[in-house]
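A closer look at the structure
Below, each chain spelled out in residue letters.
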Amino acid sequence: MTEVLQGSNPFGVDPDDDLLHAVPDGVPGWSETMYFHVWSPDTAQGQGVGVFIHCGRWPEDPDLWWAQVIALLPDGRLLVDRSWGRAPDDRGPATGNLRIRCVEPLRRWRLELDGAGEITSLDAMVDGPVGAGPAQAFTFAIDLEAAAPVWDMHAALGIDGLQWAAFHHTQGFRATGSITAGSGAAAREWDVAGVAHRDHSSGPRDVSHLGGLHFCVFVFPQSGRVINGLVNWNTDHAVDHRTQAVFEGGTGPDATVEIGASIRFTGLEDHRTHQPRALNVAFDRADGSSYDLKAEWLHGYSLTFLSPNENINGVDLDGQPDALVVTQSTVRVVAPDGEVGYGVIERDYRPSHLPSPQER
């Protein structure tokens, strides 16, 4: 069953919800996180570059923010950093290296970093935590302009909460700016002219019963179409939620979003390699047709979510052998009409549940 909504804010999102949320008293496990992913597919050097940001409140001191920041550079190279700091206001998180700022709620964001990251690769990330080894300077300044309205996942699902949050918003953007890696004569700069997406969540977080999830956001720069999707399941493998949203028509009053609950993803064979890397994402449209997207793996990184609420750069299974491993794959995706988009397919699994390449 699908539903079509129209307008520049079809879920009636309060603009203040884009800002940092007040920390409630007496709510065990409450957390707030923000995530951004930027990909610029065409550069003067001929290879794409990107940025991953994931930041959240530290449970022991909710006013202190942690941030995972990764530069995705050509030839599979990664620069990985983890930093800490306190936000100066409610416009977005900040650490010693990173500043995120909501310039205009529901519309525009600014991402800035002046720091460094460990020089690494996906192969190294799957062998253990990374982020504190030999480093290279990197900076970025990136502006995001909304390609579509905010997707309110809870409004779409008609529920009060997920296992990881009671509030969850996602949005697609066009991105412009620059990324620089290295310093002095060895510095290299890439112009950013691509796409991005973000999510913002808050609420009690308990993933002890979460078996895994598939999540995607694709932005098509030519048309501005944005596709969001989620499937998550419990530790007994039973699907908990399945939902997708297709935004078309930009951010004006004639924009539409079609929401449904039929999305299916290719699974995961091996968290170490992100295989399979040729991926299918499919769902049913309102007219009854099947909408099949073909995705090609371009770049990736692996993370670990440790209970109760700690995020690690790399795969860390020493203390929690069956912790939730996050495999985040930057992809090029082709829609049925031939338009090309870019984004992320996230496949999160507990190692005991692998291999699991079947469609979910």
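Residues numbered from 1 in each chain as written. Predicted model: local features only at pLDDT ≥ 70, side-chain atom pairs only at ≥ 80, totals over all residues. Heavy atoms only, no water.

**Comments concerning the pattern of salt bridges**
This model, assessed by the stated rule, comprises 16 salt bridges. E104 serves as the salt-bridge partner of R108, at 3.2 Å between the closest nitrogen and oxygen. Overall, R108 belongs to the partly exposed group, its relative accessible area being 33%. By relative accessible area, which is 35% here, E104 ends up partly exposed. The closest approach of N and O atoms between R285 and E258, which form a salt bridge, is 2.8 Å. Taken together, the residues R285 in the loop between β17 (278–284) and β18 (290–306) and E258 in strand β15 (residues 256–260) connect sequence positions 27 residues apart. Pair check on accessibility: R285 and E258 agree, each one buried. Because the salt bridges share partners, they merge into one network encompassing R225, E248, E258, R285, D337 and E339. (Salt bridge = Lys/Arg side-chain N within 4 Å of Asp/Glu carboxyl O. Buried < 20%, exposed > 50% of the residue type's maximum accessible area, 1.4 Å probe, protein only. Helix = DSSP H or I, 4+ residues; strand = E, 2+ residues; numbered from the N terminus.)

**Quick notes on the nonpolar core**
Grouped together as the largest cluster of nonpolar side chains are 38 residues, with contacts concentrated most on F11, I70, M125, W151, F247 and Y301. Ranked by residue count, the leading element in this core is strand β12 (residues 210–219), at 5 residues. Setting aside chain neighbours within four positions, we find F247 in contact with P10, F11, A148, P149, V150, W151, G224, R225, V226, N228, T256 and V257. F36, C55, I100 and L111 belong to the second largest nonpolar core, which has 33 residues in total. (Core = buried A, V, L, I, M, F, W, Y, C linked by side-chain atoms within 4.5 Å. Contact = heavy atoms within 4.5 Å.)

**As for the pairing of strand β3 (residues 49–58)**
Most of β3 is tucked away: 9 of the 10 residues are buried. In this sheet, β3 lies alongside strand β2 (residues 30–40) in antiparallel orientation, the contact comprising 8 bridges. Paired with Y35 across the strands is H54, a residue of β3. Taken together, the 9 bridges between β3 and strand β4 (residues 61–72) define a ladder with antiparallel strand orientation. By the bridge assignment, F52 is partnered in β4 with I70. In textbook terms, the turn of a hairpin is the stretch between consecutive antiparallel strands, and for β3 and β4 this stretch comprises 2 residues. (Pairing = 2+ DSSP bridges.)

**Quick notes on the environment of P276**
Within the secondary structure layout, P276 lies in the loop between β16 (264–265) and β17. Judged by its relative accessible area of 22%, P276 is partly exposed. Residues P276 and P357, spaced 81 residues apart in sequence, show a C-alpha to C-alpha distance of 7.2 Å. Ignoring any residue separated from it by four or fewer positions in sequence, one finds P276 in contact with T266, G267, L268, E269 and R347.

**Side note on the environment of V38**
Within the element layout of this structure, V38 appears in strand β2. For V38, a relative accessible area of 1% corresponds to the buried category. Separated by 136 residues in the primary sequence, V38 and R174 place their C-alpha atoms 8.9 Å from one another.

**Details of the pairing of strand β19 (residues 310–313)**
Judged from the 4 bridges that link them, β18 and β19 form a sheet pairing that is antiparallel. Looking across to β19, one finds that F305 is bridged to N311. A loop of 3 residues connects β18 with β19, the two strands running antiparallel in sequence.

**Thoughts on the state of the cysteines**
Tallied over the full model, the rule gives 0 disulfides. Take C55: it sits in no disulfide, and the sulfur closest to it among the cysteines is that of C102, at 13 Å. Look at C55 and you get buried, because its relative accessible area is 1%. (Disulfide = S-S within 2.5 Å.)

**Focus on the side chain of H274**
Along the chain, H274 turns up in the loop between β16 and β17. For H274, a relative accessible area of 0% gives the class buried. Polar contacts involving the side chain of H274 include one to the side chain of W297, which spans 3.2 Å. In this structure the side chain of H274 is engaged in a polar contact, spanning 3.2 Å, whose partner is the side chain of S329. The residues contacting H274, other than those within four sequence positions of it, are L122, L268, W297, G300, Y301, S302, T327, Q328, S329 and R347. (Polar contact = N/O pair within 3.5 Å; in protein donor to acceptor, adjacent residues only side chain to side chain.)

**Let's talk about unusual backbone geometry**
In this chain, Q275 is followed by P276 through a cis amide linkage whose omega measures -5°. Residue L354 is joined to P355 through a cis peptide bond whose omega torsion reads 0°. Unusually for a residue other than glycine, L106 sits at a positive phi of about 75°. Along the chain, L106 falls in the loop between β6 (98–104) and β7 (108–120). Taking the relative accessible area as the measure of exposure, L106 reaches 11% and is therefore buried. Unusually for a residue other than glycine, H274 sits at a positive phi of about 65°.

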